[in-house]
Each structure stands twice: as structure tokens, then as C-alpha cells.
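# Survey of secondary and tertiary structure
Here is what each chain is made of, one letter per residue.
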Amino acid sequence: MSFLSMAFLLATPLVTLPFILHFWDRRRDVEVPWGAMQFLQTAQTQQSHSRRLREWLQLLCRALALAALILALARPLIPGAWLGAKIRTETVVLLDNSMSTARLRHGSSRLGQLIELAKSTVQAQSPHDSVRFMTVSPKPNWLTPVPVQIDSDGVRDLCNKIDQVAPTQDGSDLLPGVLAAVQLDHDPMFQLRRIVVVTDAQETSWPQDDSPSWDHLQERILESKIDIEVEVIGWNDGDARTYNVSVARLEPTRSVIGVDGTVRFLATVENRSEKATTSIQADWWQAGELIESIDVPPIEPRAVHTLMWEHSFDRAGTYSVACKLKVDDELPQDNQAVTVVKAVQRIPILLVDGGEGFSDTDQDSYFAAAALGRLAPSDPSRWKSVFAPRVVRPSQLATMTLAEYQAIVVPNLQSLQDSAVEVVSEFVRQGGGLWIGLGPRTDVAWFNDRFFADGDGLSPVRLSYVVEDDDEEPATFINPYLAIHPATRQLVDQDRLDVGDVRVSSRMRFDQQSMKTDLSVLLGLTNGQTLAVEQDFGQGRVIVQAIPLRLQWSDLVQSHAFVVMMQDWLAYLTEPRSSRHNLRPGEHLDLRLRDTTQLTATLQKPNGNQIELTGQQDGDEIRFHTAQTAASGLYELELGLSGRKIPFAVDRSPAESNLATVSRQRQQQIINRFASQRHGLSNDRVPTATLPIWSALLIGLVGLMFLDLLLSGAITRQRFSVGAIQPSETGSPISSTPLPIQLGTARRVAEGMTPQDVSSNQERVAV
Amino acid sequence: MGTGSSDSETKALVDPLVMQQIGQLELMSRVVVDGFLAGKHRSTHKGGCCEFAQHRPYAPGDEFSRIDWNVYARSDRYFIRQFEEETNLQAFLALDTSGSMRFGMSTKTKYEFAQIAAACLSRFLLHQRDAVGLAVLTEPAPISVPPRRHASHLRSLLYTLLAHKAVGAGELATQIKAFVPRMKRRGLLIVFSDCFGNVDELCNAFRLVRARGHDLIVFQVLAPEEANFDFRRWSAFHSLENQRDRVRLDPAAVRDAYLRNLQRHVEMLQESITGIGGDYVRITTDQELGAVLAHFLRSRKARQARAGSHAGRVVVS
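Residues numbered from 1 in each chain as written. Chains lettered and ligands numbered in written order. Predicted model: local features only at pLDDT ≥ 70, side-chain atom pairs only at ≥ 80, totals over all residues. Heavy atoms only, no water.

Right, let's talk about the overall build of chain B for a bit. Looking only at helices and strands, chain B has 10 helices and 12 strands in total. Within chain B, the proportion of its 317 residues that are buried is 58%. Taking as baseline every contact in chain B between residues at least 6 positions apart, the subset at least 24 positions apart corresponds to 76%. For chain B, the exposed area adds up to about 13200 Å²; of that, 50% sits on carbon and sulfur atoms. (Helix = DSSP H or I, 4+ residues; strand = E, 2+ residues; numbered from the N terminus. Buried < 20%, exposed > 50% of the residue type's maximum accessible area, 1.4 Å probe, protein only. Contact = heavy atoms within 4.5 Å. Areas by Shrake-Rupley, 256 points an atom, 1.4 Å probe, with all protein chains shown as cover.)

Printed below as a string of C-alpha cells:
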């Protein structure tokens, strides 16, 4: 016999409680001086044995009731062999429906074979067993939230559900799936849990170096209250002769562009085969419409080729752009990739100019505005950036409504009012971008006090002093290779840009001690010093640059790279305020709309499922938010019934395109690992059927309580069945109490005389 | 004896409330009693001229003075006039002083209750010019106060009542048998006792009292705890008469048998007393004494009145 809650057995001594209370009650008797001892002594000898028997029986009942309660709480299991029970198995089937299972071989898909294996596993169960079913891609997902009893209807329904399982575009989460199966609540009706993993044994599904996950899984198996047996089926022989070409990555150079502005898409095509590709055509699609087809040059085995496609959008909107390869390979699912770009008319930003009264070129905002194409607004032929700047004075910042702007650029920082610093800080906290250029008008002490604020301010670094050109030899240039950052991805293109030629004659030196080790650096100098750093502040971003955005201290603003730098860095800074449309798996989808009339939306997922979203009011915006983005692919959010669909793309893991399977040696290692875990639990023990008996104990408890009530009633009736001796009624003749007189004079009364007559006769006799 | 009792204690025995309830009632002996003085009771001495009873023919030897000459004048025959003569009652109040009378938990002890009852009845009897005596039934021999009819005799009765305590063992039957010979004249014996003991011997003693021609009233005084025995917890009962008698038991367990035994005892006692023509009154100490006595006296008087219409009067010529 075993117990599920052994701790309750500590209460077993309580069984003696009725006896202890009984004897304790007897010991604390009361001294009573008594007159009528003759009746008491006689009564004591007359105390019936049956009554004593009933009292002891009652005590026994109570003790047994306590014992039954304690045992029931301890949840005992008796060996099923006592009652002839068989081992009942709870089978958990995990089906790998990752993208790799969609590979075609000899006209049939691998997933179809796995589904047949899973169905045969289900159908092989005994009638008294149960089955749960789970798919493991992209995340473990129970197809049957409750166990399915093995009968004809249950098996048929489950097989129908299994038939409908489709491959995803993601990898499989096998170990977490096994862990979820191990951590299922233990149903005491079952003595063995058999976890069957049906997988195509893709190499990426069984990470070799994930020891913590294996160790964690092993611990959970050892801690399990039920014997667990893990079995992996569906292995196929390792076959390196696969042919698969995939679009590993598709990304635009900018996710937000201006209308009619050109955006460049980069598609990474990867040949995962052992042979070179031939005659592949890449089709570029915009919102489901084929735009252009281009030929992909032959790609060597295990090589990568990057396709570049430039496109512009003539209307504002959010567009999905897909690159699809026309190639006959084993895995068609990875022959395409999708991304989303947003075309807007303008992105409002602020340029803070402290050079009031200066000439045009001496004004702080002159070169920044020039880089954005805003010097001649009346000339429509001139190029204009999507960023629409508004030039303001530092004194205006404190009283402005900054919410309508996406970013603030301070080309040459000078002291600001404290209230302005507060407003700007709040603006960044809410998701705005801030670009600070330090220059000769920057007060170092004021900056460190207000902007660094001991590490809690907008600036991630403290300033030391101004470094002049004379202090350092040889001349210092910008080093674009000092750091790799998304905002400088184009700047490092030395073939087309001249950022490496920008000489920095003076700069503000950052305090090295204040720079954290994980500080994000955008640009550096050839002398190893840092030129620009950035940090997240609240929901927004801040860039601090050691030189001003004007023709001072450097010739940066005269370089070609300055225009690209302005565009890229502003795009980077304004990104938090824009809705992100390209997500990683599991990253929250978050859409903010100024149209407050749209309160509901429908999200269509890559697998065709739809979920309803309800917008939440957030200030003057409506916010749609969901975390159900685990599956890769294209999502479309339809707002209300308008038919307007906003696309979102979730990146696919390129590793899933690797169709290499685990080697035989590795397969054996995995099997051994599961086997060792099982043997760790039941090395010398064969799972035995056990039956829970606490229900029977509770029924027994109720029966004992009922018997106790009956005995109590019987004892009480016996105790108080005889009424008290009543005194002579004061309201009736006292001396003629009926019973004695009738007894004494029964005969004479029967002759027609009253008791009084009898008394009178007695008087006369006495006389 | 009696010296240690104060006037206040003796006055306390005569409960004014009790006297108020029984003061207007009369305790009439249902049998003819011998008395020295004319009172409310019929006397066995005939020839008084208090109340005309009947005429009878003259017989030789009769006194001439008893001839009713008026009748002779009308009928020319000699008739002798006969009269009922009234006498006073000689009553003895007997108190059981065995240790069991000391019992009392929620009320007065049975002995205190009996003391008050005896004192009130004494006062009542003296008030109706009856002679009242007292018998304290104690070991080794009963102590008696001779009956007197004057009012000042009450004080000595009360002193005697207060001078004795209920203590030790005692056989009520033996003491009654020892006391009865002291009652020279036929009268009334009122016994206050719990009547515990051998019921057969007790009934024999009462039968002896009745055989000597005495009227008998037995007040069986019980405590309410004795009558209902409603104890719940385990208890150790020790005897008030014999300290060595001690029993530990579960009262609830023996209540049934105890009450049956007690019931049988009181029934036998009641049957025996009423069977020999005595009066039996069972009273518990939580009852109102005045009401009990008043009811007893009223019912006794009523029964006596009914008995008078049936039984032949004792007349004297």
C-alpha cells in the first residue's frame, strides 16, 4: 500500500483521542456527598453489560471514524493485484509538425507518415487506457485538453483531429513538450505514463548542447509520482542527400519610408544542398500581387546569395512584400519569405536651434535640415525626406506639445530650462527619440547634472572635457567599424559612403568611468574613443554624439554619409513610436491607431485561424495588442468590418530549413538518455497497478458517523427513559396519591367503596 | 440542649409565609384522640355536655340526672340524653436526624426543610390549642419533648429542633419503635424523614404506630437531585451516613437503575402507609412548603368531613 499524501499519517495518534477523552473525563470526577446510597449501590450492580458494550462500541466507532478520515486524507493506494486490477497506462502522444516535416520525398510528405504513426499509436491502446495528444510546433499545444478514453468514438474523433494537423513554418519545441507531458497532474487511476514522441528527427529539434534543458527534464521525471516511459518513434536514416533552397531572410533597409521613396529589400537565398542550384527565379510580390521576377544566379552548395530589390510605394499604407523562389526542392515551405514596410507621407520631427540671430550656415539646424531636403520647400523638384522637421528655439520646448512629433534633434546642445529637460525626458519615456549633438556651447557641468544625473538621466555617459585637435596626433577620423549596430548598417558601406573620411578635429570626451560595459556604441573614432552612444530611456531612445551636427569640430555635415546618417538614425529613433510590423516569434503585436472608432479587430494567423481583438483606449489612441505570434508567417489584422487589413510579419527561423537529420549515434544517445531517466526511477521496480481507496474510506467514515449517531441515540434514550421521581402534586390530594391507595385498597374499592370509605371503616375499627 | 440557639434562629424556623398559608386551617385527627381539654377533636370520654348526640332508652343504673325530662313529659318514657364530648389533640412531631437528611445541593438540606416544616406545624397546632410534643429520632435513643398545649411551649420545641443536627447513621424503624411507647395517649404522630433504609422494617414500625391507635402522617422529604438524579459527569458519591461508603460511576449510566430503585422504594412506602390508614406526603425541598402544607391540610379536612358523614359518630351519654 502506498500513500499520495504521506504527511497526513502523522495524525494517526489522533485515533486514540476518543479513548483518551473518555478516560480523562472519568478521571476528573466530581465529589458528591450523597444520602441515597442504598439505591446507588444497587443501581451500580445493575448496570447492564449491554449498555457498557454499546459505550465501548461507540468509542470504537469514533476511533475508526478518525482513522478512516486520516487514511482518506493520506490518499492510500492499494496494489491492484489485491483486487485483480491491471496496469492502466496514460499515453501522451507528441507529434512534431514543424516545417521540416513538410518535406516531400517520393511524392509523399514526411508529416503524413508521422500522422499515420501517431494514429497507430493511439489505436494500439487498451480500452482502459487514456490518450492525450499534443503538437509541438511552434510551441507545445494540447490538441486534447482532457484525456481521451479509449473507445471507438474517442479513437475515431482523435484520429480525425490528428488528420487535420498541418505543418507550420517553425521549428519544433520537443523538449518543452516532453516536459509538459511529464508535468501533467498525476491521475491516480493510472500507473504508467507513456510519452510517445513522433518526430522526423531533424537535427535542430534535438539540440546537442542544451544540457540545462536535459537536466531539468531529468529532474522532473525523477520527481514524478508516476512511472514515466519516453519513447521516440519516426526516426529515419540520416540522409545528407537533400536538395533544399530557401529564402533564409528578407528585410527592408528601412521599415518606415516616405511615399514615393525608394526602399531596398534584401533577400538572403541559401542553398542547403550538396549541389549547386540551377535556374531559379525569384518573384517579388507586394500585397499578393506579383510585381517583378528576377533570375537568381547559380548558388554553390552550402552557399548564400543576397538578392536586392528596390521598390517604392505611391500611396501611404502598410505593405507586405514577399520574395518567392521558383525551385523544385524537397521543402517548398521555405522557398519564400515575407516582410512588411510602412509608407507614410511624413514623419514630423523637431530641430532645436539655439543659434538665433546667426547667419543661415551658422544656425544649428541648417545642415540637419539640408540633409532632410528641407532648405527649399517651394521647389517641388528637390528631394525631400519623409522626415518633416520643424525648427524651434530651446526656450519653446517647455511649452510645446511634443506628442505629435516622433523625434527631437538638438544639433548643438546648450543649456535648457529645467522644465524643458523635464518635458523632453517625458517625451522620450513615452517612446520619442532624442538625438543630441554636443558642441562648444554645451555646458559640461550642466549636462552632467541634468542629462547624466548620476546615470538616471537621458544621457548614458558623463562628459569630461573638450578634446582639441592639437592634443592628439595624428589626425582623428571616424571609424565606422568600431561597432555593429542596426542604425549604422548602411554607414559602414565604405564603397558607397565616405564616413571613414570624416575628420574630427575637436570633440567632447566621454568619461570612461561612467561608460557601462554593455553601453551601446554607434560610432567610434580611429583612436579608439567613442563618438556616439545610445540608450533606451523609458520606451524611447536617446543618441548622444560627441560632435555637433554643424560645420564645427568636424566635417561630418559636408560628407555624403551625413544624409544617410540623418535618415538612418532618425528612422532608428522614431521606430519605437511606430507600430512594429516585423516581429520575432512570440514578440507582442502592438498596433496604435488614432482612429478611435475602430474598437474591434480580427487577426488572421498564418495557419488560417482567426482571433478577435478588442482595442483598448490609451490616451487619444486605440491600442490592439496580442502575444499570439508564436507561429512564423504573415498575419493580417482586419479592423472592424472595414475590410482594411494591416499586415504583420513574424520572422521564420532559418535553421528549420536545414533538413539534416540526427545521426544514428545521436539517435542512440537520445534513446539512452530517456532510458536512463526511466531506469533512474524504477530500476528494480516494475510498474504495478494500484487502486485508490479513499472514496471507500470516506463512505466508511459516513457509515461510522451514522452508526455513532444511532448508538448515541440509543444510549441517550436509555439514560433518560426514566423520568424523575415527582413530588406529591400540590394541586391534588396528597395522601391519596392514586397508586398506593389503589394498591392498598384495591379489593375494597372493587367492592364499591371509595378510599375515604375505607379510611372511615378503619377508624371505626380502631375505635 | 437548646441553650445554644438564639431567639432569632428559633423565630426563623417559624416561617411567616408558611404560617400565613396554613394559619386558617385546622389539623384534625381522623381518629379519636384522648385529650385533657376540650378542643376541636372528638374525645373517647363520653358524658360531656358540649354537643347533643342522641337519646337512648333509660336502663337501670343510669344516672337520673341524665334523663331528659322533657321527653318524658311528652312521651311518658325515660330517655337518657347523650352528648359528644370534644377534646384537644396530642400530636408528636418526629424528626429523622440520620446523616442522609443532611443532603442538599441546590436547595436547603432535607433536615433544614424538615425543621421548618415541623416548627410551622407546631406553631399551627398550638394555635388551635392542641398539645404538641417533639421527638428527635436520633441514636442511641430518641429524645422527646412531652406534649403541652400552652403557647409558650413552642419556644422549647424550637430550641430542641435547633439543638440537633443530622449526623451519623440511624435506623428510622428502630427509633420509631423505641419512641412509640412514650406516647401515653392516642394521638397524632407526624414523621419527617427521607425514609431511606429497609422499607419493610419501616413499614412494620409505622404499622405498630397505627396499631396503638395513633394517627400517622409521614412526610417523606427528598432533595430534587435525589428525585431526578440528573448528573452528567463522572462522579464519586460518598455516603453522608458512612464515610467509608464511596462509589465512582457514570451517573448517566446508572440513572435508569437508580430511579427505578427509588421509585420502587417510594411506591412500597406509600402503599404501606396509606394501606394502614396513614397519610403519606412526598415532598421535595425545592417545593414551596406553605403551599404543600396548606394543600395537605385542606385535603385532609375535606376528607375528614366526608368521612364524618359516613362513619358513625362516637357518642357519650
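This brings us to the overall build of chain A. A count of helical and extended segments in chain A gives 16 helices and 39 strands. Contacts in chain A between residues at least 24 apart in sequence constitute 74% of all its contacts with a sequence separation of at least 6. Carbon and sulfur atoms form 51% of the exposed surface of chain A, whose accessible area is close to 36100 Å².

The subject of this paragraph is the packing of aromatic side chains. Scanning the entire structure with this criterion turns up 30 aromatic pairs over all chains. Look at Trp34 of chain A and Phe237 of chain B: their rings are 5.4 Å apart centre to centre, the planes differ by 75°, and that puts the pair in the edge-to-face class. Within this pair, whereas Trp34 of chain A is found in strand β2 (residues 30-34), its partner Phe237 of chain B is found in strand β10 (residues 235-239), the two belonging to separate chains. Judged on exposure class, the residue Trp34 of chain A and its partner Phe237 of chain B are both buried. In textbook terms, an aromatic cluster arises when at least three aromatic residues are bridged by ring pairs, as seen for Trp34 and Phe39 of chain A together with Phe103, Phe196, Phe229, Phe231, Phe237 and Tyr258 of chain B. (Phe/Tyr/Trp six-rings, centres within 6.5 Å; stacked < 30°, edge-to-face > 60°.)

A word on the nonpolar core. Judged by nonpolar contacts, the single largest core of 78 residues is most densely connected at Leu434, Trp435, Phe451 and Trp569 of chain A. The greatest single-element share of this core, amounting to 10 residues, is contributed by helix α11 (residues 561-574) of chain A. Discounting residues that sit within four places of it in the chain, Leu434 of chain A has contacts with Ile408, Val410, Val424, Val428, Phe451, Leu458, Arg541, Val542, Ile543 and Leu573 of chain A. Membership of the second largest hydrophobic core comes to 50 residues, among which are Val32 of chain A together with Ala205, Phe237 and Leu249 of chain B. (Core = buried A, V, L, I, M, F, W, Y, C linked by side-chain atoms within 4.5 Å.)

Residue and element names in this part refer to chain A. Under the definition given, this model contains 39 salt bridges over all chains. Put simply, Asp449 and Arg450 hold a salt bridge, and the shortest N to O gap is 2.1 Å. Under the relative-accessibility criterion, Asp449 is labelled partly exposed at 46%. The exposure class assigned to Arg450 is partly exposed, which follows from its relative accessible area of 31%. Where Glu621 meets Arg592, a salt bridge forms, and the shortest distance between an N and an O atom there is 3.5 Å. With Glu621 in strand β36 (residues 621-626) and Arg592 in strand β32 (residues 589-593), this pair connects stretches of sequence that are 29 residues apart. (Salt bridge = Lys/Arg side-chain N within 4 Å of Asp/Glu carboxyl O.)

With that out of the way, let us pick up helix α7 (residues 211-223) of chain A. Every α-helical turn comprises 3.6 residues, leaving residues that sit three or four positions apart pointing alike. Residues and elements named next belong to chain A. Between the first and last C-alpha of α7 there are 18 Å, a value that for 13 residues agrees with the 18 Å anticipated at 1.5 Å per step. All of the buried residues along α7 are Trp214, Leu217, Arg220 and Ile221. Axial view of α7: buried residues confined to an arc of 125°, hence all on one face. Turned more than 90 degrees off the buried face of α7, the exposed positions are Pro212 and Glu223. (Expected span 1.5 Å × (residues − 1). Arc of directions from axis to C-beta.)

It is worth spelling out a nonpolar patch on the surface at this point. Residues Leu14, Leu17, Ile20, Leu21 and Trp24 of chain A make up a contiguous nonpolar surface patch of roughly 490 Å² in combined accessible area. For Trp24 of chain A, the position within the fold is in helix α1 (residues 17-27). (Patch = residues over 30% accessible without salt bridge, like charges linked within 9 Å, V, L, I, M, F, W, Y side chains within 5 Å.)

Residues and elements named next belong to chain B. Along the chain, the position of Glu139 falls in the loop between β6 (131-137) and β7 (143-148). A relative accessible area of 41% means that Glu139 is categorised as partly exposed. Each C-alpha atom of the pair Glu139 and Gly168 lies 8.4 Å from the other, and the pair is 29 residues apart in sequence. If we skip the residues at most four places from it in the chain, Glu139 touches Ala169, Gly170, Glu171 and Gln175.

Further remarks concern the confidence of the model for chain A. Residues and elements named next belong to chain A. For chain A, mean pLDDT is 82; residues scoring 70 or higher make up 88% of the total. Here residues 679-685 is modelled with pLDDT under 50, and outside its nearest four sequence neighbours on either side it reaches nine contacts, counting other chains as well. For the stretch residues 729-767, pLDDT sits under 50, and the model shows 58 contacts to residues farther than four places along the chain or on other chains. (pLDDT = per-residue confidence, 0-100.)

Residues and elements named next belong to chain A. Examined bridge by bridge, strand β33 (residues 600-604) and strand β37 (residues 633-639) share four bridges and lie antiparallel to one another. Paired with Gln604 across the two strands is Glu636, which belongs to β37. Between β37 and strand β38 (residues 645-650), which pair antiparallel and follow one another directly, the connecting turn spans five residues, one of which, Gly640, has a positive phi of 55°. (Pairing = 2+ DSSP bridges.)

Right, let's get into helix α5 (residues 153-163) of chain B. When you tally the buried positions in α5 of chain B, you get eight out of 11 residues, the bulk of the element. Taken residue by residue, α5 of chain B has His153, Leu154, Leu157, Leu158, Tyr159, Thr160, Leu161 and Leu162 of chain B as its buried positions.

Residues and elements named next belong to chain A. Read from one edge of the open sheet, three strands run β32-β36-β35, paired in antiparallel fashion. Edge positions in the sheet fall to β32 and β35 (616-618), since each of these pairs with one other strand and no more. Adjacent strand axes in the sheet meet at a mean angle of 35°, parallel and antiparallel pairs treated alike. Alignment of β32 against β36, held across five bridges, turns out to be antiparallel. Note that in β36 the partner of Leu591 across the bridge is Phe624. (Axes fitted to C-alpha atoms, helices over the stretch in contact; angles between N-to-C directions.)

All names here are of chain B. Examined against the element boundaries, His153 turns out to sit in helix α5. Overall, the relative accessible area of 5% leaves His153 in the buried class. A distance of 2.8 Å separates a polar atom in the side chain of His153 from the backbone oxygen of Val132. Sequence-distant contacts of His153, that is, excluding residues within four places in its chain, are made with Leu126, Val132, Val145, Pro146, Pro147 and Arg148. (Polar contact = N/O pair within 3.5 Å; in protein donor to acceptor, adjacent residues only side chain to side chain.)

Right, let's talk about the sheet that holds strand β17 (residues 304-312) of chain A for a bit. Residue and element names in this part refer to chain A. Here three strands make up an open sheet; going across it, the order is β12-β14-β17 and the pairing antiparallel. A single partner strand is all that each edge strand has here, and the edge strands are β12 (245-252) and β17. Direction aside, neighbouring strands of the sheet carry axes that sit 20° apart on average. Relative to β17, strand β14 (residues 262-271) is paired through nine bridges, and the arrangement is antiparallel. For Thr268, the partnering residue across the bridge sits in β17 and is Thr306.

Moving on to unusual backbone geometry. Omega for the peptide link from Ser137 of chain A to Pro138 of chain A comes to -5°, which places this bond in the cis form. Tracing the sequence through the fold places Pro138 of chain A in the loop between β7 (130-135) and β8 (141-142). Between Glu139 of chain B and Pro140 of chain B the backbone carries a cis peptide bond, its omega angle lying at 0°. Looking at the element boundaries, Pro140 of chain B is found in the loop between β6 and β7. Even without being glycine, Asp260 of chain A reaches a positive phi, approximately 70°. Tracing the backbone through its elements, the reader meets Asp260 of chain A in the loop between β13 (256-258) and β14. The exposure class assigned to Asp260 of chain A is exposed, which follows from its relative accessible area of 55%.

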